[in-house]
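# Coordinates in review
Chain by chain, the residues:
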Amino acid sequence: GLVSREFSVQKILKLNELTFLKESVKKRRRWGRGSGSGRGKQSGFGHQKSRSTPRAFEGGQTPLYKRLPKIGFFNSSQKSFQILNLSKIQEFITMGRLIPPPDKMITMR
């Protein structure tokens, strides 16, 4: 027949007694433990792949970054400005070379 299950807390849950479920923690793969393990020999790195050579190494040939000339960045749309002091502007106004409009300000343009 039916078995009645009664849930009673006989043991108090303690933090130091908490453990993982055995199936929840997956074992890591151990590479390079012989050919019989299925993960030996090249250990997932294929045939003749070197892990110690630099990324830009081209087998003894001069790398591309050394073959190309060293050139910097030239901003073609850069605006060049001349230095103009306030005393020079005042001098132009007193000489009459610069006549500011009475309702507007003097700007860079």
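Refer to the structure above for everything that follows.
Residues numbered from 1 in each chain as written. Predicted model: local features only at pLDDT ≥ 70, side-chain atom pairs only at ≥ 80, totals over all residues. Heavy atoms only, no water.

### Remarks on the overall build of the chain
Check the secondary structure of the chain and you find two helices and zero strands. Relative to its 109 residues, the chain shows a buried fraction of 5%. (Helix = DSSP H or I, 4+ residues; strand = E, 2+ residues; numbered from the N terminus. Buried < 20%, exposed > 50% of the residue type's maximum accessible area, 1.4 Å probe, protein only.)

### Notes on a positive patch on the surface
A cluster of basic residues, Lys27, Arg28, Arg30 and Arg33, forms a positive patch on the protein surface. Locating lysine 27 in the fold gives a position in the segment before helix H1 (64-67). (Patch = residues over 30% accessible without salt bridge, like charges linked within 9 Å, V, L, I, M, F, W, Y side chains within 5 Å. Areas by Shrake-Rupley, 256 points an atom, 1.4 Å probe, with all protein chains shown as cover. Salt bridge = Lys/Arg side-chain N within 4 Å of Asp/Glu carboxyl O. Lys, Arg positive; Asp, Glu negative; His and termini not counted. Charge placed at Lys NZ, Arg CZ, Asp CG, Glu CD.)

### Side note on the layout of surface pockets
The computed volume of the largest pocket comes to approximately 210 Å³. Considered class by class, the residues forming the lining of the largest pocket number eight nonpolar, one polar and no charged. (1 Å grid on protein atoms, 1.4 Å probe; cavity = no way out; pocket = protein on both sides within 12 Å on 5 of 7 lines; lining within 4 Å. Points joined across faces, edges and corners; volume = space filled by probe spheres on them. Nonpolar A, V, L, I, M, F, W, Y, C, P; charged D, E, K, R; others polar.)

### What to know about the packing of aromatic side chains
To describe a pair of aromatic rings, one takes the distance between the centres and the angle between the planes. Enumeration over the complete set of coordinates arrives at zero aromatic pairs. Over the ring of tryptophan 31 we find arginine 39; its NZ or CZ atom is 5.9 Å from the centre of that ring. (Phe/Tyr/Trp six-rings, centres within 6.5 Å; stacked < 30°, edge-to-face > 60°. Lys NZ or Arg CZ within 6 Å of the ring centre and 35° of its normal.)

### Description of the pattern of salt bridges
Under the defined criterion, the tally for this structure stands at one salt bridge. Ionic pairing is found between glutamate 58 and arginine 67, a salt bridge with its closest N-O pair at 3.0 Å.

All we've got here are geometric facts, nothing functional implied.
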